[in-house]
Amino acid sequence: MKLIAAVDKNWGIGWNNQLLVRIPEDMKRFREITTGNVVVMGRKTLESFPGGQPLKNRTNIVLTRDKSYQVKGAVCVHDMEELSEQLEKYSSNDIYIIGGESIYRQMLDQCDTALITMIDFAYQADAWFPGLDGQKEWKLTEESEEQTYFDLEYYFRTYERKRI
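A quick note: this is a predicted structure, and the numbers were derived from the prediction, not measured.

**Quick look at the packing of aromatic side chains**
Summed over all chains, the structure comprises six aromatic pairs. Taking 4.7 Å as the distance between ring centres and 65° as the angle between the ring planes, the aromatic pair formed by Phe121 and Tyr123 counts as edge-to-face. Their ring planes at 65° and their centres at 4.8 Å tell us that Tyr149 and Phe150 sit as a pair that is edge-to-face. A residue is classified by how much of its surface remains accessible, and Tyr149, at 27% relative accessible area, is partly exposed. For Phe150, a relative accessible area of 75% translates into the label exposed. An aromatic cluster is present here, built from Trp11, Tyr104, Phe129 and Tyr159 joined pairwise through their rings.

**Notes on the layout of surface pockets**
Here the largest pocket defines a volume of roughly 1,200 Å³. If you go around the largest pocket, you meet 41 residues; those closest to its centre are Thr45, Ser48, Ile98, Gly99 and Gly100. Elements with a contribution of two residues or more to the lining of the largest pocket: strand S1 (2-7), strand S2 (12-15), strand S3 (18-19), helix H1 (24-34), helix H2 (43-48), strand S7 (95-99) and helix H4 (101-107). A breakdown of the residues in the lining of the largest pocket according to their chemical character gives 17 nonpolar, 13 polar and 11 charged.

**Description of the pairing of strand S8 (residues 113-119)**
Among the seven residues of S8, seven are classified as buried, and the element is accordingly described as predominantly covered. Burial of the side chains of S8 extends over both faces: Thr113, Leu115, Thr117 and Ile119 are buried on one face and Ala114, Ile116 and Met118 on the other. Of the strand pairs in this sheet, S1 and S8 are connected by six bridges, and their pairing is parallel. Pairing of Val7 across the sheet is with Met118, part of S8. Taken together, the seven bridges between S8 and strand S12 (residues 152-161) define a ladder with antiparallel strand orientation. Bridged to Thr113 within S12 is Glu160.

**With respect to a negative patch on the surface**
Together, Asp79, Glu81, Glu85 and Glu88 line one region of the surface with negative charge. Within the secondary structure layout, Glu85 lies in helix H3 (residues 80-87). What makes Glu85 partly exposed here is its relative accessible area of 46%.

**Some details on the nonpolar core**
Ranked by size, the top nonpolar core spans 28 residues in total, and within it Leu3, Val40, Leu87, Ile97, Ile116 and Phe129 carry the most contacts. Of all the secondary structure elements, the ones that give two or more residues to this core are S1, strand S4 (38-42), strand S5 (59-63), H3, S7, H4 and S8. Residues contacting Leu3, with those up to four places away along its chain left out, are Ile97, Tyr104, Leu108, Cys111, Thr113, Ala114, Leu115, Phe129 and Trp138. Counting 14 residues, the second-largest nonpolar core is a separate cluster that includes Ile4, Met41, Leu55 and Val62.

**Section: the environment of Arg65**
Note on placement: Arg65 falls in the loop between S5 and strand S6 (74-77). Considering only alpha carbons, one finds Arg65 and His78, 13 residues apart in sequence, at a separation of 4.9 Å.

**Quick word on the side chain of Ser48**
Considering the arrangement of structural elements, one finds Ser48 in helix H2. A polar side-chain atom of Ser48 sits 2.6 Å from the main-chain carbonyl oxygen of Thr45. If we ignore the near neighbours within four places in the chain, the residues touching Ser48 are Asn17 and Gln18.

What counts as what
Residues numbered from 1 in each chain as written. Predicted model: local features only at pLDDT ≥ 70, side-chain atom pairs only at ≥ 80, totals over all residues. Heavy atoms only, no water. Phe/Tyr/Trp six-rings, centres within 6.5 Å; stacked < 30°, edge-to-face > 60°. Buried < 20%, exposed > 50% of the residue type's maximum accessible area, 1.4 Å probe, protein only. 1 Å grid on protein atoms, 1.4 Å probe; cavity = no way out; pocket = protein on both sides within 12 Å on 5 of 7 lines; lining within 4 Å. Points joined across faces, edges and corners; volume = space filled by probe spheres on them. Helix = DSSP H or I, 4+ residues; strand = E, 2+ residues; numbered from the N terminus. Nonpolar A, V, L, I, M, F, W, Y, C, P; charged D, E, K, R; others polar. Pairing = 2+ DSSP bridges. Patch = residues over 30% accessible without salt bridge, like charges linked within 9 Å, V, L, I, M, F, W, Y side chains within 5 Å. Areas by Shrake-Rupley, 256 points an atom, 1.4 Å probe, with all protein chains shown as cover. Salt bridge = Lys/Arg side-chain N within 4 Å of Asp/Glu carboxyl O. Lys, Arg positive; Asp, Glu negative; His and termini not counted. Charge placed at Lys NZ, Arg CZ, Asp CG, Glu CD. Core = buried A, V, L, I, M, F, W, Y, C linked by side-chain atoms within 4.5 Å. Contact = heavy atoms within 4.5 Å. Polar contact = N/O pair within 3.5 Å; in protein donor to acceptor, adjacent residues only side chain to side chain.

No statement about biological role is implied by the geometric values presented.
Structure (structure tokens):
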């Protein structure tokens, strides 16, 4: 399984249930990588999408504690056991964890790759991705050339879990 996120220099990912910044090339990369695959998210992440609708051309799985929560076009699961049963139906290479903070934290140990857009700016944030640079079990294996969007600099990074 893989994690995919855009983070600021402090590993912030969101503010008031919205992305910190929308970078067109990052959004395009996200679409290209996740289209045709399985995306796993929390309820608040789903509700942050336009119209609160699932992402098109993907299998959307939403983890929520609310047993009555339903959304057309998504599979809703209510605990980690139910999520694991659902994910067994798919190849782990086709599964992308897309947020938010609690989902990233719960799924981090089950993932082997993290596709991170690292934005060289510190935003005000109230949600964070677990910082991988300080974790000994993760290593940075690939980094793009510097990208720019107006005056923002960012990099596409790949982190991989170290094989022990």
